[in-house]
Amino acid sequence: MGKNIEKGKRYKSVFDYRKEAIEKKMYLAVVMLDYAMIEDRLTSFLENSGVLTKDEHKPKKAFCEALGIITRENARHIRISDKIAWIKTMLELQETKNSKTLPNTNVNLLIETLQCTDKESLLLTMTKLQTWTDKRNKLVHNLMNGNMSVNSSAIQKMAEDGLICFRAIDREISKLKRYNNHN
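Chemist: Explain the side chain of S49 to me, using residue names and the numbers behind them.
Modeler: With respect to the element layout, S49 can be found in the loop between α2 (27-48) and α3 (61-67). Taking relative accessible area as the criterion, S49 reaches 5% and is therefore assigned buried. Only 3.0 Å separates the side chain of S49 from the backbone oxygen of L46, close enough to count as a polar contact. Excluding anything up to four places from it in sequence, S49 contacts M90, L110, T113, L114 and L176.

Chemist: I'd like a description of the pattern of salt bridges, backed by residues and values.
Modeler: A full pass over the atoms with the stated rule returns eleven salt bridges. Because the salt bridges share partners, they merge into one network encompassing K7, D40, R41 and D170.

Chemist: Just give me the short version of unusual backbone geometry, but keep the residues and values in it.
Modeler: Phi is positive for K25, close to 60°, though the residue is something other than glycine. Within the secondary structure layout, K25 lies in the loop between α1 (2-23) and α2. Given a relative accessible area of 60%, K25 falls into the exposed group.

Chemist: Before we move on, could you go through the nonpolar core and cite the residues and values that matter?
Modeler: Membership of the largest hydrophobic core comes to 39 residues, with the highest contact counts inside it found for I38, L42, F45, I87, M90, M126 and L129. Secondary structure elements with two or more residues in this core: α1, α2, α4 (80-99), α5 (105-114), α6 (119-144) and α7 (152-182). The element that contributes the greatest number of residues to this core is α7, accounting for nine residues. Excluding its chain neighbours within four sequence positions, the residues that come into contact with L129 are I38, L42, I84, C165 and I169.

Chemist: Go over the packing of α6 against α7 with me, naming the residues and quoting the values.
Modeler: Viewed as axis vectors pointing N to C, α6 and α7 meet at an angle of 145°, and their least axial separation amounts to 10 Å. As for the relative orientation of α6 and α7, their crossing is left-handed in sense. The residues of α7 that touch α6, namely those facing S121, L122, T125, M126, K128, L129, W132, K135, R136 and L139, are I155, M158, D161, G162, C165, A168, I169 and E172. Per-class residue counts for the contact of α6 with α7 are ten nonpolar, three polar and five charged.

How each quantity is defined
Residues numbered from 1 in each chain as written. Predicted model: local features only at pLDDT ≥ 70, side-chain atom pairs only at ≥ 80, totals over all residues. Heavy atoms only, no water. Helix = DSSP H or I, 4+ residues; strand = E, 2+ residues; numbered from the N terminus. Buried < 20%, exposed > 50% of the residue type's maximum accessible area, 1.4 Å probe, protein only. Polar contact = N/O pair within 3.5 Å; in protein donor to acceptor, adjacent residues only side chain to side chain. Contact = heavy atoms within 4.5 Å. Salt bridge = Lys/Arg side-chain N within 4 Å of Asp/Glu carboxyl O. Core = buried A, V, L, I, M, F, W, Y, C linked by side-chain atoms within 4.5 Å. Axes fitted to C-alpha atoms, helices over the stretch in contact; angles between N-to-C directions. Left-handed = near helix turned anticlockwise from the far one by under 90°. Nonpolar A, V, L, I, M, F, W, Y, C, P; charged D, E, K, R; others polar.

Just geometry here; none of it tells us what the structure is for.
In structure tokens, the structure reads:
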């Protein structure tokens, strides 16, 4: 429980800084914060769904083949796009489960756990998040390649969209946590 309190305090600090950065129109900083928070939320989603170990943040071996996970390295070093793909695959497996029984007991348990989430909303969020991440990556690469003529209103919109994605993922994590606490 102490770990959750610490994390809550860190998030409060980040949101306070985020709010201050928006007031100062420092939207690029906000986008970078959003990226970090979204990365953390995706890892938390995968942990709370049972795919990652909570202590090492590594994919459990039982899910590697089913989710197309090639590496078992710490998820904090795995790209957001891979985490999004894993979650989309989890949702596809849930659809498969509705038509037949899968042989892997762990995958069946994962699918059962995902029943508490809003599949359509989560799939839409993953699609929006992939688009957001692609735009963010393009922005960063353009800046690093010397293209400093980035539209401020586009970055502001990106900051707004990042928060929307963050909140959507966070809602689904809350559902997973409630489900896990009652089962």
